[in-house]
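# Structural features, examined
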Amino acid sequence: LLRSPVPGPSLSLILLVSHRSLNPQAKKMNADLTTGSEDMAAAVRRLVHLYQGLTPDRLSELEVCYAPDAHFKVPFNEVEGVAAIRGIFEHMFTALHSPRFVITQQIVQDQRAFLEWEFRFRIKRWKPDLEHCIRGATALAVDGQGRVTHHRDYWDAAEELYEKLPLLGLLMRWLRRTMSTSEK
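Residues numbered from 1 in each chain as written. Predicted model: local features only at pLDDT ≥ 70, side-chain atom pairs only at ≥ 80, totals over all residues. Heavy atoms only, no water.

For S98, which is not a glycine, the phi torsion comes out positive at approximately 50 degrees. Its place among the elements puts S98 in strand 4 (residues 96-109). By relative accessible area, which is 45% here, S98 ends up partly exposed. (Helix = DSSP H or I, 4+ residues; strand = E, 2+ residues; numbered from the N terminus. Buried < 20%, exposed > 50% of the residue type's maximum accessible area, 1.4 Å probe, protein only.)

Below is the structure:
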C-alpha cells in the first residue's frame, strides 16, 4: 500500500473507497478491510459495536473508545474532549426519536480507519412518524491505546438533510438541478 506524506487518508485508502463505490463487483466483496494491527482492528470493532448499539445508557462507554482530549468534528459541531462528545450524543437523544447507526463498511489501515454508515432517525418536532436516513462516512485516527484521537464525519448536508425540508428543500433541489451537468 502507498504511504501518504501528509496526515490523512492515504491514496490507497481513497482509491479503495472509490473502487468499491464505482465497481458493481466490489459490492460482492467483503465489506471490511484491515491492514493494521490486531489491536487497531479490535479498537475499531469496539467502536463499531458501541455505535451500532448506542443508547443513552451506554454513553459512558465513549470514555473507553475516545482519548480524553479527542477532537470530534461533524457538520454541525466541532468539540474536544469526551465530555463534549458525550454532550453531542445527549442532545441527539433529546432531539430525535430512535436514532441509530448502521456501519456498512469499515477500512482499517495502520492507526487510521474509515467507516461508511447510515444514520437513521425520526425528528421529534417535525413529522415524528417519518424515518430519515443520512448516509455518510467517518475518518478516524487512533492512538496506541486503541482510543480515537480524531473523529471527522463527512456527509452531504444539502442532499441528505436540507433538500428534505419544505422551503429550503425547494431551493436546494433547484440549485442542484441548475448546477448539474446532466440533462434532467
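Take the side chain of D153 next. The topology assignment puts D153 in strand 7 (residues 148-154). Of the side chains with opposite charge, R152 comes closest to the buried, unpaired D153, at an N-O distance of 8.0 Å. A polar atom in the side chain of D153 sits 2.8 Å from the side chain of H151. Those residues in contact with D153 that sit more than four places away from it in its chain are K73, V74, P75, W117, A137 and T138. (Lys, Arg positive; Asp, Glu negative; His and termini not counted. Salt bridge = Lys/Arg side-chain N within 4 Å of Asp/Glu carboxyl O. Polar contact = N/O pair within 3.5 Å; in protein donor to acceptor, adjacent residues only side chain to side chain. Contact = heavy atoms within 4.5 Å.)

Attention now goes to the nonpolar core. Counting residues in each nonpolar core, the largest one holds 37 residues, and the members touching the most others are Y66, F72 and F89. Elements with a contribution of two residues or more to this core: helix 2 (38-52), helix 3 (62-65), strand 2 (66-74), helix 4 (82-95), strand 4, strand 5 (112-123) and strand 6 (132-142). In terms of residues, this core owes the most to one element, helix 2, which gives seven residues. When neighbours within four sequence positions are excluded, F72 is seen to be in contact with Y51, Y66, N77, E78, V79, I85, I88, F89 and H151. (Core = buried A, V, L, I, M, F, W, Y, C linked by side-chain atoms within 4.5 Å.)

Here strand 2 runs beside strand 3 (residues 77-80); their pairing, made up of four bridges, is antiparallel. Considered in strand 3, the bridge of H71 is made with E80. (Pairing = 2+ DSSP bridges.)

Moving on to the confidence of the model for the protein chain. Summary statistics for the protein chain give a mean pLDDT of 78 and a share of 67% for residues scoring 70 or more. Across residues 1-31, confidence stays below pLDDT 50; counting only partners more than four residues off in sequence or on other chains, it has 39 contacts. (pLDDT = per-residue confidence, 0-100.)

It is worth spelling out the pairing of strand 7 at this point. Both strand 2 and strand 7 contribute to a ladder of four bridges, which runs parallel. What sits directly across from K73, in strand 7, is R152. Across six bridges, the pairing between strand 6 and strand 7 is antiparallel. Bridge pairing in strand 7 places A137 opposite Y154. The antiparallel pairing of strand 6 with strand 7 creates a hairpin that spans five residues between the two strands, and G146 there sits at a positive phi of about 80 degrees.

The terminal C-alpha atoms of helix 4 lie 20 Å apart, and with 14 residues this matches the ideal 20 Å at 1.5 Å per residue to within 8%. Taken together, the buried positions of helix 4 are occupied by V82, I85, I88, F89, M92 and F93. Looking straight down helix 4, one finds that the buried residues subtend no more than 135 degrees of arc, so they occupy a single side. Across helix 4 from its buried face, at more than 90 degrees, point the exposed residues A83, H91 and T94. Those residues of helix 4 hidden inside the fold are in contact with helix 2, helix 3, strand 2, strand 3, strand 4 and strand 5. (Expected span 1.5 Å × (residues − 1). Arc of directions from axis to C-beta.)

Our focus in this paragraph is the pattern of salt bridges. By the definition in use, this model includes eight salt bridges. For the salt bridge of K73 with E78, the shortest nitrogen-to-oxygen distance reads 3.3 Å. On the accessibility criterion, K73 (24% relative accessible area) is partly exposed. Overall, the relative accessible area of 47% leaves E78 in the partly exposed class. The salt bridge involving R120 is made with E131; its shortest N-O contact spans 3.4 Å. Here R120 is found in strand 5, whereas its partner E131 is found in the loop between strand 5 and strand 6, with eleven residues between them in sequence. With a relative accessible area of 39%, E131 lands in the partly exposed category. What you see here is one network of salt bridges that share partners, running through R100, E118, R120, E131 and R135.

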